Amino acid sequence: MSSQLLPVASLSTTPRSSLSPSSSRIQHTLAQRTHIPAHVYKHPAAILLELCTSMEELHQIIPLIIKNGLYEEHLFQTKLVSLFCKYGSLTEATRVFEPIENKNDALYHTMLKGYAQNSSIFDGLSFYCRMIEDGVQPVVYNFTYLLKGCGENCLVKNGKQVHAQLILNGHEGDVYAMTCVVNMYAKCRLIDDAHKAFVRLPERDLVSWNTIIAGYAQNGFAGRAIELVSQMQVEQLKPDPITIISVLPAVALLDMYLKCGSLSTARVIFDKMSVRNVVSWNIMIDGYAESGDSMESLILFQKMLDDGIKPTGVTIMAALHACADSGDLSRGQFLHRLANELGLQNDIPLTNSLISMYSKCKQIEIAGKLFKNMKEKTRVSWNTMILGYAQNGRVIEALNHFRDMKLENIEPDSFTMVSIISAISESSILLQAKWIHGVVIRSFLVRNVFVKTSLVDMYAKCGAISIARKLFDLMDEKHITTWNAMIDGHSRFIKEGVRYFSIMKEKYAVDPTMDHYGAMVDLLGRSGRLQEAWDFILKMPVEPGVNIFGAMLGACRIHKNVKFGEMAAERLFKLNPTDGGYYVLLANLYASVSMWDKVNEIRTKMERKGIVKTPGFSSVDLGNEVHSFYSGSSWHSDSKKIYDFLETLIEKIKGAGYVADMDLMRDVEDDVEEHMVSVHSEKLAIAYGLLNTRPGKTIHIRKNLRVCGDCHNATKFISLVEKREIIVRDLHRFHHFKDGICSCGDYW
DNA sequence: CTAGGGTTAG
């Protein structure tokens, strides 16, 4: 025996008198085992081992065993192996096990349990093979450990091998072991095999029923799981708490499908619960946040704090989700402080949620700082940050982070791709679009429905409508947002848009979202079918949102229809939109029909409410660089050259039939009372683009507001006289100018 | 050594 492996600490604590009064019972239990002599099982060291609760205590008992010459006793050897395994030190267990010369079967069985439960299942399986090679007969419970390990690790092949061994060793009639087989197949997602094993059971008791019920529930067969709960009662077996707990998620799942995400049932149960723990609160708070009811989520969160329940990271993440959705920055900041008080500064998922909250509340700088300061970043962290930049229109930062992520050897996934694609859609640069499409294909993410949808949307926004259409037609699985992207991208073609909208509902049973309705109103309205658009709004099965009336108002502005415009505006302003652009839109509508008193009225209203309009700017993509221009700006180094060129260009298109329209020009970009029209940013950007690209090259423009009527008209003529394709992506859509015609058909 | 089933979470 090698003594160096054993600690030399003396047994100072745990005097004999501290032995529990049940020591005689322990002695009795020990004596019942294989013929152990009384001086061994009655020895205090044996009783101490039975009472041992930690590795520390074990190390204190061992010297006592050695001093008393008991180390060679099988009872002690087996117990030591068992305890070392239990406390996680397989190395020490092996050091006891291996040197033993005459290893009995029990010792092997103990070691096997240790490997299967406290090491990896593969160690357990190899030890089983060795045990058989050493000529040791397995016992039925050896298989239960191995089956459990195979199930937990989804090792179908190994699980089947163990199942075979079980049969070969004649244990097919053992309910306990066979229940493990049922469980193993269920955990390996082979629910049919699990069921086959279940029907072959020698008898079906409560535990085996619970096993198959949980199996169905975990594999997503909610209905089947519930069915089996009734069936077990036919066999006179009453469901116990474990049955209920196993089937509850299945019930909730069914409920969700039936009630279409309704939380009310869950809430009734929650309100009736006598004892609510953090988990029950968390589920409810997150449930509301997830379903979009931020208000109720946050009310419940406050209630939880009032009830004196200490929130966990999960609670805070759920509440942050609600803040992000509702743009509630101040409450989000409160949650941030709370998380710090709870010591969650370095919690990665929580920091990810904070980044998401700050990004959605337009505090992208704070989000960026949090991200930068993270000691450790997961893929989710990168995805959250990239999405944040994309949603805040920070295309360059999004692309830079995408590059950095790859430099850090973190593989992008479908979430990364969707974010980066939407960032590129924002800039509408076709070259970048094609580049990312290539990246998507090379990273094997092109089959993902969300990725494909965002590609369709991206190409549509870049003006490459034929590529978008091709991708759309190739998609076999279409998601709700795919339809949206396509309806939006085809918006010039009213008939097709309407058709997509109806087959989406009828053939594919996809419920339209607010964006779909918005797209339809826009489509009908811009084409001048204002009555139809208004009827469509009135017939909507859901309460119309800001975007619906905004689209209607925009259409009325184009068609100078004050009657519908005022109706839309009235409903719109009741919804308190934050965007001042709608007031400008209404004022422009009045201006277009010379109702100047009304124009003044709106202007006063805006001043009183402190509404500021967004300054217009346009940018032009020159391949390697992007140049931005503000309305009437002259700070560009080539400013003089640009204005001179623009002057000759305007003369040239006038020769081709262009007439400047002062009324149309006084549009969203200008103050409503401003009569001297400065040069719109879009014209500056186009001029700069023409000056700095070789003849024939397509010009890509991006504008933060809607294109005004005069610029639109001018661009058509420019495309004709300069023989250039010009693609303008404005706030709402793309315009593809070619040979004096725009792809939007003059509806926008 | 001395056996089998369950729950919450981005």
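Residues numbered from 1 in each chain as written. Chains lettered and ligands numbered in written order. Predicted model: local features only at pLDDT ≥ 70, side-chain atom pairs only at ≥ 80, totals over all residues. Heavy atoms only, no water.

## A few points about the sheet that holds strand E4 (residues 726–729)
No. 1: Taken in spatial order, the six strands make up an open sheet running E2-E1-E3-E4-E5-E6, and their pairing is mixed. Edge positions in the open sheet fall to strand E2 (626–630) and strand E6 (741–742), since each of these has one partner strand only.
No. 2: Here strand E3 (residues 699–703) pairs with E4 via four bridges, running parallel. Bridge pairing in E4 places Ile699 opposite Ile726. (Pairing = 2+ DSSP bridges. Helix = DSSP H or I, 4+ residues; strand = E, 2+ residues; numbered from the N terminus.)

## Description of the UniProt feature "repeat: PPR" (unreviewed entry) in chain A
No. 1: The UniProt record annotates "repeat: PPR" (unreviewed entry) at residues 104–138, 205–239, 277–311 and 378–412.
No. 2: Span residues 104–138 is 77% helix and 0% strand, its end C-alpha atoms 12 Å apart.
No. 3: Secondary structure over residues 205–239 splits into 74% helix and 0% strand, and the C-alpha atoms at its two ends are 11 Å apart. (UniProt positions renumbered as here; feature names shortened; annotations may be inferred.)

## Thoughts on the packing of aromatic side chains
For any pair of aromatic rings, the description consists of the separation of the ring centres together with the inter-plane angle of the planes.
No. 1: Following the criterion strictly, the structure yields 16 aromatic pairs and no others.
No. 2: The interplanar angle of 15° and the centroid separation of 4.2 Å between the aromatic rings of Phe573 and Tyr583 together place this pair among those described as stacked. Here Phe573 is found in helix H34 (residues 562–574), whereas its partner Tyr583 is found in helix H35 (residues 581–592), with 10 residues between them in sequence.
No. 3: The exposure class of Tyr583 is buried, given its relative accessible area of 4%.
No. 4: Cluster of aromatic residues (ring-pair linked, three or more members): Phe97, Tyr108, Tyr115 and Phe127. (Phe/Tyr/Trp six-rings, centres within 6.5 Å; stacked < 30°, edge-to-face > 60°. Buried < 20%, exposed > 50% of the residue type's maximum accessible area, 1.4 Å probe, protein only.)

## Re the pairing of E4
No. 1: Of the two faces of E4, the one lined by Ile726 and Val728 and the one lined by Ile727 and Arg729 are each fully buried.
No. 2: The parallel pair E3 and E4, bridged by helix H40 (residues 709–721), forms a crossover whose chirality is right-handed.
No. 3: Bridge count for E4 against strand E5 (residues 734–738) is four bridges, and the pairing is antiparallel. Counterpart to Val728 in the pairing with E5 is His735. (Right-handed = clockwise from strand over helix to strand, strands pointing away.)

## Structural notes on the nonpolar core
No. 1: Counting 69 residues, the largest nonpolar core has Ile65, Phe76, Met111 and Ile212 as its most contacted members.
No. 2: Among all residues touching Phe76, those that are not within four sequence positions of it are Val40, Ala45, Ala46, Leu49, Ile65 and Leu70.
No. 3: Within the second largest apolar cluster, 67 residues are counted, among which are Ile285, Ile355, Ile420 and Cys462. (Core = buried A, V, L, I, M, F, W, Y, C linked by side-chain atoms within 4.5 Å. Contact = heavy atoms within 4.5 Å.)

## Details of unusual backbone geometry
No. 1: Notably, Arg189 is not glycine yet its phi reads approximately 65°, a positive angle.
No. 2: With respect to the secondary-structure elements, Arg189 resides in the loop between helix H11 (175–187) and helix H12 (191–199).
No. 3: Given a relative accessible area of 54%, Arg189 falls into the exposed group.
No. 4: For Asp739, which is not glycine, the phi torsion reads 50° and is therefore positive.
No. 5: In this structure, Asp739 sits in the loop between E5 and E6.

## Quick word on the side chain of Thr110
No. 1: Within the secondary structure, Thr110 is located in helix H7 (residues 105–118).
No. 2: There is a polar contact of 2.7 Å between the side chain of Thr110 and the backbone oxygen of Ala106.
No. 3: When neighbours within four sequence positions are excluded, Thr110 is seen to be in contact with Thr78, Val81 and Ser82. (Polar contact = N/O pair within 3.5 Å; in protein donor to acceptor, adjacent residues only side chain to side chain.)

## Details of the pairing of E3
No. 1: Across the five residues that make up E3, a large majority, five, are buried.
No. 2: Neither face of E3 is open: one carries Ile699, Ile701 and Lys703, the other His700 and Arg702, and all of them are buried.
No. 3: Bridge analysis of strand E1 (residues 617–621) against E3 gives four bridges, and the strand direction is antiparallel. Bridged to Ser619 within E3 is Arg702.

## Observations regarding the packing of helix H39 (residues 681–691) against H40
Between two packed helices, both the angle of their axes relative to each other and the distance between the axes serve to describe the pair.
No. 1: Two elements in contact, H39 and H40, have axes whose closest approach is 10 Å; the angle formed by their N-to-C orientations is 20°. Considering their axes alone, H39 and H40 lie roughly parallel with respect to each other. Crossing geometry of H39 relative to H40 is assigned as right-handed. Note on element contacts: H40 touches H39 through Asp710, Cys711, Ala714, Thr715 and Ile718, opposite Glu682, Lys683, Ile686 and Leu690. (Axes fitted to C-alpha atoms, helices over the stretch in contact; angles between N-to-C directions. Parallel < 35°, antiparallel > 145°, perpendicular 65-115°, else oblique. Left-handed = near helix turned anticlockwise from the far one by under 90°.)

## A closer look at the packing of H11 against H12
No. 1: Closest axis-to-axis distance for the H11/H12 pair is 7 Å, and the angle between their directions is 170°. With respect to each other, H11 and H12 are oriented roughly antiparallel. Once H11 is placed against H12, the crossing between them reads as left-handed. Between H11 and H12, the residues in contact are Val181, Val182, Tyr185 and Ala186 and Ile191, Asp193, Ala194, Ala197 and Phe198, respectively.
No. 2: Per-class residue counts for the contact of H11 with H12 are eight nonpolar, no polar and one charged. (Nonpolar A, V, L, I, M, F, W, Y, C, P; charged D, E, K, R; others polar.)

## Concerning the side chain of Arg702
No. 1: In this fold, Arg702 is placed in strand E3.
No. 2: Accessibility expressed as a relative area gives 17% for Arg702, which makes it buried.
No. 3: Ignoring any residue separated from it by four or fewer positions in sequence, one finds Arg702 in contact with Glu426, Ser427, Phe617, Ser618, Ser619, Arg729 and Asp730.

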